[in-house]
Structure formats: structure tokens, C-alpha cells
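Observations on the three-dimensional arrangement
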Amino acid sequence: MRLSTLRHACRNLPTPSVHQPRTGVRVFGLAKSSLPLGPSSNSQLLLRAASSVSGTTSAEKAPKLGKQTDGPGYENTIRENVQRTKEEMVALQRGHPALKPTLAIIQADEDDRLLELNKKMAGKIGLNVTQICLPRECTEDEIIEEVLKLNEDPRVHGVYLHLPPASLTSRVLNTLRPEKDVDGVSDLNVGRLVRGDMNQGFIPPLANAVMELLARHDTPMEGRIVLVVGGEGPLGVALQCLMQRRGMVVLHSRRSSEVLQKQANAVVLLAAGHMDVPPTWLRPGTAVIHCGSALMTEDHGMEMSGVGPLTAALRMQNVVQSSSRWAQGQQYRPWTLRSLKLQPLSPVPSDIEISRAQTPKPVDQLAQEIGLLQEETEAYGRTKAKVRLSLLDRLREQPDGKYVLVAGITPTPLGEGKSTVVIGLVQALSAHLKLNSFACLRQPSQGPTFGVKGQRGQISTRISMLEISMLINESFNLHLTGDIHAITAANNLVAAAIDARMLHEATQKDKALYSRLVPSVNGVRRFSPIQISRLRRLGISEIDPSALTPQEVSSFVRLDLDPAKVTWQRVVDTNDRFLRKITVGQASTEKGHVRETQFDIAVASEIMAILALADGLGDMKTRLGRMVVGSSRSGQPVTAEDLGVSGALAVLMKDAIKPTLMQTLEGSPVFVHAGPFANIAHGNSSVLADKLALKLVGEDGFVVTEAGFGADIGMEKFFNIKCRASGLRPNVVVLVATVRALKMHGGGPNVSHPSILSVVIALVLLDTVRKSFAHVRPITMLCNTTFPFTFATTINKSSLCLTDTQAEIDLVCQMAKESGASDAVPCHHWARGGRGSVELAQAVKQAGSQPSHFQFLYSQEKIRMIAQKVYGADDIELSPEAQAKIDYYNQQGYGKLPICMAKTHLSLSHMPEKKGTPTGFTLPIRDIRASIGAGFIYPLVGTMSTMPGLPTRPCFYDIDLDPVTEEITGLF
């Protein structure tokens with residue numbers, strides 16, 4: 001709210017005597033992490049009973065506001081307010097022992113009398129005060145700069161602007177956050193006072209003090225006539241509002257006739273300095289309250305024992321109230337989610353038409369609806385935002401909601417729609433069942449967006465982008481908030497550091513290398529903190545660079561990386577088959593240090609896996625430092641910490657670790673974070689996104705996440721890798737199947753192109769569907785025995801499943817229940833949105849109410865256990881290289897890490913062409929590698945490519961931009 005009366009706000013507020021300012025000094029006087037406190041009020045209130053005298057000169061008639069003894073009534077008023085505030089403070093700190101309410105004072109001089117007054121009052125209550133001194137002639141921008149700093153300082157709960165009236169501009173006052181405006185002078189707080197809405201606002205302490213004094217006068221408040229002299233700013237507006245609310249009649253010296261003025265039985269002088277009050281304004285028994293300078297001196301012709309401490313006490317009361325509101329705001333907030341209406345059409349329009357027909361909510365509104373604080377989000381445009389991890393600290397005592405995993409049967413190359421089931425389920429839960437629910441999805445790689453996703457052919461764009469249309473945001477599959485770019489930069493920094501270190505070690509002697517690694521800066525040589533950490537790992541306790549022995553210097557400067565044993569690759573988020581094998585170091589400047597290496601796609605980087613498994617910034621930094629990039633010639637692992645690059649990696653990743661908040665077509669919240677592949681990594685969205693969402697939904701809410709590819713890969717890794725890292729345990733598993741895929745696994749033809757769908761797959765083949773459950777049963781048994789908790793099965797109905805018959809669907813539901821599912825329901829979210837998944841949502845709600853007894857699949861014989869229990873293999877076959885790696889990793893202490901199998905997603909076996917439930921095979925392990933930072937060992941089953949290639953006709957042929965409307969075409 002903007003009030004025209006505040007254009008020259010606080011022109012009448014008092015100012016202290018001016019001393020020579022100490023410019024640029026910011027005085028905090030911190031005691032450890034606390035801010036010191038100083039008291040307040042520079043306003044002085046004088047309450048007296050005036051008498052009118054006739055027959056004297058004008059000067060004689062003017063009342064003399066001389067020395068005044070305030071008396072026990074005034075002292076009691078202060079004492080009562082201080083005691084009440086102390087009690088509020090004790091109650092506040094009982095619930096929040098670490099909270100120390102703090103008032104910050106910005107003043108434009110070096111007058112410490114105000115600070116001392118505030119310290120005295122604050123000391124009685126137990127508050128802190130910090131003082132910021134600006135030059136007397138400070139500019140508006142300088143004031144605003146300090147105000148902005150205090151706005152963002154979580155230690156400060158109140159700000160008092162003790163500035164000259166000319167400096168209290170509307171821009172300055174309204175820069176101050178209303179929740180910290182304890183003097184109640186911002187437009188918003190004055191507007192709240194005028195409306196009578198004081199749940200979030202503050203009564204100006206000076207106005208409140210005037211009302212306290214008037215209440216102690218003998219005359220009743222109701223019907224009292226009060227003459228206000230001066231006061232055109234927010235203080236005058238606030239005081240008039242308070243008086244009228246108590247039934248008083250307010251007269252103004254400039255607007256009231258002398259007849260009315262003579263009727264006043266109280267006079268309030270709001271202007272600063274000495275004021276002559278005409279005797280005609282007063283009558284016997286009139287109360288006179290002077291709100292001039294709180295620190296009047298004899299130069300003003302007055303010697304008043306000021307009542308300013310009352311204003312200070314009331315300001316401190318506002319600070320405690322502000323702190324209490326802040327503490328309440330840190331508690332869990334019930335959701336006020338407003339769902340967006342979705343009008344299903346028949347026939348179903350294209351995905352891009354669906355997406356663009358919906359108007360999303362601003363992301364700040366969505367954040368407020370789900371209980372996020374303003375300071376917990378960082379907006380990236382209008383419809384997406386990063387969420388800060390401080391949320392976990394704020395809600396650490398909040399119970400988690402129900403944790404739901406969406407997995408799938410072994411898919412066809414067209415995909416079975418797990419991501420869209422996640423979104424449809426969350427929309428059904430939130431928009432239709434009115435239950436708090438959150439979706440947690442992976443961020444797609446940009447490479448397949450412009451190429452193809454797997455072998456889907458020309459329909460790949462539509463299938464892979466259906467989930468994006470349900471998220472109302474085209475950037476979901478593009479740059480989003482830049483996380484994958486940050487991973488690319490961090491990954492390639494490590495690669496550059498490896499090659500540079502090998503070059504410098506090969507071309508320099510120990511002394512020269514040491515002098516460059518630990519240079520003299522301004523005549524002083526010292527190790528950096530990361531270099532000191534390396535010294536400790538080498539068993540060197542000395543931290544003086546000049547004190548190391550030649551042998552210690554050599555150990556310190558020589559990583560002695562073996563070029564043939566470097567395991568770290570460069571990455572790029574583009575499908576580029578010609579980067580699968582490259583040669584680096586061919587320029588003459590590299591002095592013949594040539595080696596073969598390769599590029600992987602960015603999401604295959606170990607840093608992506610770390611991002612998905614880290615539970616905080618500190619954990620991520622530790623994991624980044626642990627990454628093994630290769631081996632020395634003596635066989636010792638070399639880490640990113642040894643290279644000295646781990647701190648820089650954390651800097652590059654500091655924003656990427658924050659999940660991105662988005663929304664579905666129906667306005668349900670979604671976290672998009674991390675995007676590791678499931679066939680070469682663990683294939684799940686981030687631990688942090690899940691943890692944040694579980695806190696936000698509350699104890700009765702639901703968080704729905706998905707596991708990549710089939711249950712044999714994504715679900716198994718969710719259980720044994722992600723759940724080990726996070727400590728979380730799922731309550732429900734939703735297993736996604738399509739009749740199309742079931743027919744394929746039951747003996748029907750392979751599905752590799754949409755034309756297949758109209759030939760055999762579209763036929764009613766009930767016997768084929770029955771046979772397909774030989775493929776489903778191992779997955780359901782895995783859930784019921786190894787992971788004994790309730791799960792539901794859903795039959796996904798999408799644009800490529802329109803030929804499914806009711807008989808086929810009924811048969812699938814029947815056999816799913818016979819296989820152990822708690823329920824089995826068809827899903828129609830593709831055509832109907834959340835309403836099409838209500839039946840599934842009800843089944844999930846019911847399943848989530850039942851107890852679960854989760855347990856991990858393995859503790860030892862891990863590779864063999866996965867091969868036999870999950871894939872159905874008879875046994876495993878280790879190549880000599882794989883056996884040697886197992887022996888080496890056991891020797892290095894990595895043997896206890898979980899296993900992340902890298903195998904095809906198109907079959908339970910290692911043979912993509914083997915559908916259904918292959919039996920009688922031995923699983924070959926050709927090699928074993930380690931992602932020590934991520935925290936798992938990954939055996940390579942068969943041949944796995946970590947760099948996709950472009951097909952003959954990539955998707956980018958259809959993608960374009962309208963330069964006028966900036967609309968993207970061809971992305972869906």
C-alpha cells in the first residue's frame with residue numbers, strides 16, 4: 001500500500017544533537033556470534049496538567065514546560081512494559097534457546113547517547129543492539145545499502161532508522177522489510193494499522209507511548225478531545241488512527257478553529273524542538289504531551305526528565321514481537337495449494353498445445369502455497385526457482401511424509417511412461433484428493449533432446465517430452481537452471497588438471513615444481529588449506545614450506561599419475577559419436593605428451609552421481625574430494641583432493657546442489673534435480689530433493705519419485721544404493737506396465753517402431769498377456785520377499801496404448817493381484833490429467849497406511865546376489881581383468897561399497913534381444929570400475945556406451961524458434 005501522506009515521511013521525527021560523525025564505521029560489538037544490544041527512543045514525552053492564566057502578557061500566558069517530575073505513575077508504566085516484554089522474552093527463548101532478538105540502529109552521526117539509552121533498556125530485557133553510523137550527509141543510496149544488508153541478516157529482527165527527516169524518504173522507508181520495521185513507518189505497516197490488521201504490523205513506539213500516557217490521565221479516553229500540533233508523516237497518521245479507534249476526537253492545529261481548540265482536554269506536540277503553546281489552546285486540567293527530542297538540553301530552555309525510556313521500552317517490545325513472529329514463521333506451515341483447472345479435450349491435443357494452453361502460477365506464489373519462506377527460494381525467471389538447503393534445518397523436527405517409488409517392468413524402446421505416471425499420481429493426490437504431494441524427477445540430458453532417446457525413432461520426441469508438457473515448462477529439457485552445465489564445467493576442470501599435472505611433473509624437477517606449487521607471495525610462502533590436507537595424508541606434520549626435507553618435497557609434488565591408468569574422462573551434454581575415442585596433447589606446446597582418452601555424455605559423469613547422492617554441501621565437497629581419477633605408477637589411487645581441485649569443484653557446484661522447483665499442469669509442486677542414467681549409474685533423482693519434499697508435505701503427505709528404466713535396474717539401485725545413502729525407506733512401490741510391453745515379454749514381436757503397434761501388438765492376445773507374467777512375477781517377488789512392503793500396480797494408458805481392450809486390462813489387473821500386488825488399476829492421466837489417476841491415488845493412499853518392513857538385498861556376494869535374485873542368472877563369470885579389479889578394490893578398502901550394475905535396460909539379462917524372463921544364462925562381468933566419490937562400484941555387464949550418437953535424422957531437424965514470439969517449435 002502506498003500512502004500519499006508518507007511522501008515526506010517522518011519529517012516530524014526527532015533528531016539527536018549532532019556530533020562529528022565517524023564515517024563508514026559499522027559498529028557491531030559482537031560477543032561471539034551474537035549482536036550487542038543498545039536501547040532506543042530519542043523521543044521525549046512530557047505529561048503535565050496545565051492551567052490557564054488570564055490578565056497576563058502573551059509571553060506570560062504561554063505555558064512553561066519546565067522541569068517536570070514524572071512521578072510513580074510514569075515509572076510504573078515503564079516498569080510494567082519492561083516486565084511484560086521480559087516475560088515474552090523468557091517464553092520465546094524457552095522454545096528457541098539459541099534465538100537472541102536483535103535491534104539494529106542506523107544513524108547519521110556519531111551520537112552514542114541514543115545507543116546507550118537503548119543498551120540500558122535492552123539490557124533489562126535481554127536483547128542485543130547493533131549500531132551503524134553513517135555520515136551526517138549520507139546519500140539515500142548509502143542508507144539503502146545498509147538497510148538491504150540488515151534485511152538479509154538473519155540475526156537482526158528489528159531496524160530503527162534514526163536519521164534526519166530529509167533522509168527518511170519513501171524509497172528508504174519502503175526498502176526496509178515490513179517484518180523488521182519495528183517503528184512501523186513503512187507504507188505497508190502504516191496501512192496495516194489503518195486497516196486494523198496488526199497480526200503482522202507494528203504500532204509505532206512513540207505513538208504507542210502517547211496512548212499509554214493518555215490512558216493514565218484522569219480524563220476517560222472515550223470522547224476525549226485531543227489537539228495534535230504538527231505531525232504530517234506516518235507518526236501522525238498512526239497516532240490519529242489509534243486515537244480515533246479509542247473513541248477520541250482528534251483536532252489539528254492547522255485545520256481546527258480556535259473554538260474547537262479551546263475544547264481540547266489534551267494536547268500532543270509532535271514537532272521537534274521548543275514550541276510555544278498559545279494559552280488560548282489550553283484549559284484547566286489539560287494534559288500536554290511533548291514528543292520533541294528525547295535528549296533535550298538546556299539550550300532549548302527546558303530541563304526535562306524525559307519520558308523517552310517508555311518509547312524505548314515499547315520499541316524493544318516490538319523487537320521481541322518481531323522475533324516471536326520470526327520463530328513462528330520457522331515452523332512448518334500448512335499448505336494453501338491452489339490447483340489449476342484442467343479441461344480435458346477429445347481428441348487429445350498435441351503435447352505442446354496442452355502445455356501452452358495452461359497459465360502457470362508464478363513460482364513465488366507456488367513456493368508460498370507449499371510453506372516455503374521467501375528467503376528459501378532463488379527465482380530463475382517466472383516459473384522455476386532453486387530451493388535452499390536451509391529448509392532442512394528449519395524443518396528438521398518435522399516428521400516425513402509417505403515415500404512412494406514409481407518403477408516399471410522392463411520397457412520397450414518406446415518407454416512405458418513412469419515419469420508421466422509420477423505426475424498424474426501427484427496431480428490426483430493434490431488436486432483431487434486434496435493431499436499434500438510432491439513429485440521428484442530427474443533432469444533429462446540435453447543430448448537426447450536434439451538426438452534420440454535410446455532407439456525410439458521418429459516418435460522419440462513426443463514420448464520423451466510428454467512429461468514436459470505436463471510440467472508447463474519447455475526449459476525442463478533444455479538448460480533449466482544450468483545444473484548439467486555446472487557438472488560439465490566441474491568434470492572438465494578435473495580433466496584439465498590431470499593432464500596439466502602430468503605435463504608439469506614430466507617437465508620439471510622437484511625444486512622447480514615445489515616453488516611453483518607453493519609460491520612466495522609478498523615474500524611469504526605458505527601452503528593452502530587443501531595442500532595442508534595433502535601433507536596430512538602423506539603423514540607430514542610440518543606446515544612451514546621451508547622446513548620440508550627433499551624426500552618430503554618430492555612426495556608432496558609428485559602424484560606420478562600413470563597415463564595408461566587415468567580413468568577420468570571429459571564430458572559434454574551432446575550426442576557425439578566421434579568423441580568416443582580421441583587423442584589429446586598433439587599441439588607442440590604439450591611437448592609430445594600425447595595420450596588416448598574419450599568423452600562421455602555429461603550425465604554419465606561421477607559428479608552427476610555425487611549430486612544425486614549427497615545429503616548436503618559439506619557431504620558433496622567431501623565426495624568430490626574422494627573421487628579417484630586414476631592410479632600412480634606404484635598402484636596408489638589418485639584423488640581430486642590430491643590434485644588440489646576439490647574446493648574449486650565445490651564452488652562450481654554450490655548452486656547446482658539446490659533442487660529446482662517447478663509445477664505440473666494442475667499446479668502441483670515438482671522438484672527436478674540430478675539426472676544420472678540408470679544403465680550406467682544409479683538412475684534416480686537426488687536424495688536432497690526427496691528429503692526436502694518429505695519435510696514440506698508433512699506427515700500425512702506423499703512424495704512420489706521414479707527409478708529409471710526397468711525395476712531390475714532403477715528400482716534395485718534405488719533400494720540398495722540410494723536408500724543406503726539417504727537413510728530413507730519407501731512406503732509404497734507403484735509398478736508401471738503397459739499391455740504393449742507385456743505382449744512383447746509374453747512372446748509377441750519386439751517393439752522398435754510405432755508401425756509394430758498396428759500389426760500384432762494391437763491384437764487381443766490374452767494368452768500372450770498371461771505368459772508375460774512370467775516376466776512380472778520376479779519383480780513382484782522381489783518386492784514381496786526381499787523388500788517386503790505393500791505395492792500397487794498400474795496399467796498406463798497413453799497415446800500409444802489406445803488399442804488396449806478392456807479384456808486385456810481386466811486380465812492384467814487380475815494377474816497382478818494374484819502376483820501379490822495390493823491393488824492394480826488402469827491410469828488415464830494422459831487423456832484426463834490428475835482425474836485419470838484418482839483410482840491409483842486412492843490405492844496408493846491405502847497401501848501407504850500399511851506398515852512396511854524394508855531390508856536390503858545384499859551384504860556380501862553382492863554381484864552374484866543381484867545376478868541371481870534380480871536377473872535370474874545361474875551364476876556370474878568374471879573376466880581376469882574384473883577379478884584383478886575386485887582384488888585391487890578390496891585391498892584399497894572399497895570392498896564394502898554397494899554395487900551399481902551397468903547393463904542393458906532392454907532385458908533382465910545382458911542380452912537386449914532376450915525378452916520375457918530369460919533363464920539358463922551366466923552373467924558375464926567384463927570389467928569393474930569404481931566411483932569412490934559417489935560411493936559405489938560398478939561392474940560392466942557386456943558392452944555399455946557412455947556416449948550416444950546422432951541418428952541419420954536427429955530431432956534437431958524439427959526444432960526451431962519464432963524470432964517474433966520466441967516460441968519454440970518441434971520440441972514436443
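See above for the structure.
Everything numeric here is computed off the predicted structure, so don't read it as measured data. (Residues numbered from 1 in each chain as written. Predicted model: local features only at pLDDT ≥ 70, side-chain atom pairs only at ≥ 80, totals over all residues. Heavy atoms only, no water.)

1. A word on the pattern of salt bridges
- Tallied over the full model, the rule gives 33 salt bridges.
- Here Glu 505 makes a salt bridge to Arg 501, at a shortest N to O gap of 3.0 Å. Of this pair, Glu 505 and Arg 501 are both found in helix 17 (residues 483-507), 4 residues apart, which corresponds to roughly one turn of the helix. The pair formed by Glu 505 and Arg 501 is uniform in burial state, with each residue classed as buried.
- Asp 642 is the partner of Arg 534 in a salt bridge, and the nearest nitrogen-oxygen pair spans 3.3 Å. (Salt bridge = Lys/Arg side-chain N within 4 Å of Asp/Glu carboxyl O. Helix = DSSP H or I, 4+ residues; strand = E, 2+ residues; numbered from the N terminus. Buried < 20%, exposed > 50% of the residue type's maximum accessible area, 1.4 Å probe, protein only.)

2. Overview of a nonpolar patch on the surface
- Taken together, the side chains of Leu 950, Phe 956 and Tyr 957 make up a nonpolar region of the molecular surface, amounting to roughly 290 Å² of accessible area.
- Mapped onto the fold, Tyr 957 is located in the loop between strand 33 (936-941) and strand 34 (960-961).
- What makes Tyr 957 exposed here is its relative accessible area of 52%. (Patch = residues over 30% accessible without salt bridge, like charges linked within 9 Å, V, L, I, M, F, W, Y side chains within 5 Å. Areas by Shrake-Rupley, 256 points an atom, 1.4 Å probe, with all protein chains shown as cover.)

3. Regarding the sheet that holds strand 24 (residues 637-639)
- On the basis of which strands lie adjacent, the open sheet formed by 3 strands has the order 18-23-24 and antiparallel pairing. Both edges of this open sheet fall to strand 18 (561-566) and strand 24, since each of them pairs with a single strand only. On average, each strand axis in the sheet is inclined to that of its neighbour by 50°, with strand direction left out of account.
- Where strand 23 (residues 628-632) lies against strand 24, 3 bridges are found, and the strand directions are antiparallel. Following the sheet pairing, Ser 631 is matched in strand 24 by Pro 637.
- On the sheet, helix 17 packs against strand 18 and strand 23 and is oriented at approximately 130° with respect to strand 18. (Pairing = 2+ DSSP bridges. Axes fitted to C-alpha atoms, helices over the stretch in contact; angles between N-to-C directions. Contact = heavy atoms within 4.5 Å.)

4. Observations concerning unusual backbone geometry
- Positive phi, normally seen in glycine, also occurs at Leu 480, with a value near 50°.
- In this fold, Leu 480 is placed in the loop between helix 16 (460-469) and helix 17.
- Positive phi, normally seen in glycine, also occurs at Asn 522, with a value near 55°.
- Tracing the chain through its elements places Asn 522 in the loop between strand 16 (520-521) and strand 17 (524-525).

5. Focus: the sheet that holds strand 31 (residues 875-878)
- Taking strand neighbours across the sheet as the criterion, the 3 strands line up as 31-32-33 in an open arrangement whose pairing is mixed. Looking at the sheet topology across the chains shown, the edges are occupied by strand 31 and strand 33. Adjacent strand axes in the sheet meet at a mean angle of 50° when their direction is disregarded.
- As paired elements, strand 31 and strand 32 (residues 922-931) share 4 bridges and run parallel to each other. Counted as the bridge partner of Glu 877 is Pro 924 from strand 32.
- In the packing of helix 33 (residues 862-871) onto the sheet, the strands contacted are strand 31, strand 32 and strand 33, and the crossing angle to strand 31 comes to about 140°.

6. Points about the packing of helix 18 (residues 510-517) against helix 20 (residues 550-557)
- The contact between helix 18 and helix 20 brings their axes to 10 Å, and the two run at 65°. It follows that helix 18 is roughly perpendicular to helix 20 by the angle criterion. Considering the relative orientation of helix 18 and helix 20, their crossing is left-handed. Across the interface between the two elements, Asp 510, Leu 513, Tyr 514 and Leu 517 from helix 18 touch Val 553, Ser 554, Phe 556 and Val 557 from helix 20.
- Grouping the amino acids of the contact of helix 18 with helix 20 by side-chain chemistry returns 6 nonpolar, 1 polar and 1 charged. (Parallel < 35°, antiparallel > 145°, perpendicular 65-115°, else oblique. Left-handed = near helix turned anticlockwise from the far one by under 90°. Nonpolar A, V, L, I, M, F, W, Y, C, P; charged D, E, K, R; others polar.)

7. What about the packing of aromatic side chains?
- A complete count under the given rule lists 13 aromatic pairs for this structure.
- Here Phe 438 and Phe 671 contribute two aromatic rings whose centre-to-centre distance is 4.5 Å and whose plane-to-plane angle is 20°, an arrangement assigned as stacked. Here Phe 438 is found in strand 15 (residues 437-441), whereas its partner Phe 671 is found in strand 26 (residues 669-672), with 233 residues between them in sequence.
- The buried category is assigned to Phe 671, whose relative accessible area is 0%.
- Summarising the aromatic geometry, the rings of Phe 854 and Phe 856 are spaced 5.3 Å apart at their centres and angled 90° between planes, so their arrangement reads as edge-to-face.
- The exposure class assigned to Phe 856 is partly exposed, which follows from its relative accessible area of 27%.
- In this structure an aromatic cluster arises from ring pairing among Tyr 403, Phe 718, Phe 719, Phe 854 and Phe 856.
- Sitting over the ring of Tyr 160, Arg 315 keeps its end group 3.7 Å from the ring centre.
- Here Arg 724 stacks its cationic end above the ring of Phe 856, 4.2 Å away from the centre of that ring. (Phe/Tyr/Trp six-rings, centres within 6.5 Å; stacked < 30°, edge-to-face > 60°. Lys NZ or Arg CZ within 6 Å of the ring centre and 35° of its normal.)

8. Quick look at the side chain of Thr 102
- You can see Thr 102 is positioned in strand 4 (residues 102-107).
- Of note is the side chain of Thr 102, whose polar atom sits 3.0 Å from the backbone oxygen of Lys 100.
- For Thr 102, the side chain forms a polar contact with the main-chain oxygen of Arg 155, separated by 3.3 Å. (Polar contact = N/O pair within 3.5 Å; in protein donor to acceptor, adjacent residues only side chain to side chain.)

9. Notes on the environment of Gly 916
- Tracing the backbone through its elements, the reader meets Gly 916 in the loop between helix 34 (880-891) and strand 32.
- What makes Gly 916 buried here is its relative accessible area of 4%.
- Spatially, the C-alpha atoms of Gly 916 and Met 744 are 7.5 Å apart, while their sequence positions differ by 172 residues.

10. Notes on the packing of helix 17 against helix 24 (residues 646-653)
- Between helix 17 and helix 24, whose axes approach to 9 Å, the crossing angle comes to 165°. Between helix 17 and helix 24, the interaxial angle falls into the category roughly antiparallel. The hand of the helix 17/helix 24 crossing is right-handed. Contacts between helix 17 and helix 24 involve Ala 486, Ile 487, Ala 489, Ala 490, Leu 493 and Val 494 from the former and Ala 648, Leu 649, Leu 652 and Met 653 from the latter.

11. Examining the nonpolar core
- Formed by 91 residues in total, the largest nonpolar core has its most connected members in Phe 438, Leu 661 and Phe 671.
- Broken down by element, the residue count for this core peaks at 9 residues, all from helix 17.
- Contacts of Phe 671, omitting those with residues within four sequence positions, involve Val 387, Phe 438, Ala 439, Cys 440, Leu 441, Pro 659, Thr 660, Leu 661, Ala 689, Leu 692, Ala 693 and Leu 696.
- Counting 48 residues, the second largest nonpolar core, distinct from the first, contains Met 121, Leu 214, Leu 314 and Val 320. (Core = buried A, V, L, I, M, F, W, Y, C linked by side-chain atoms within 4.5 Å.)

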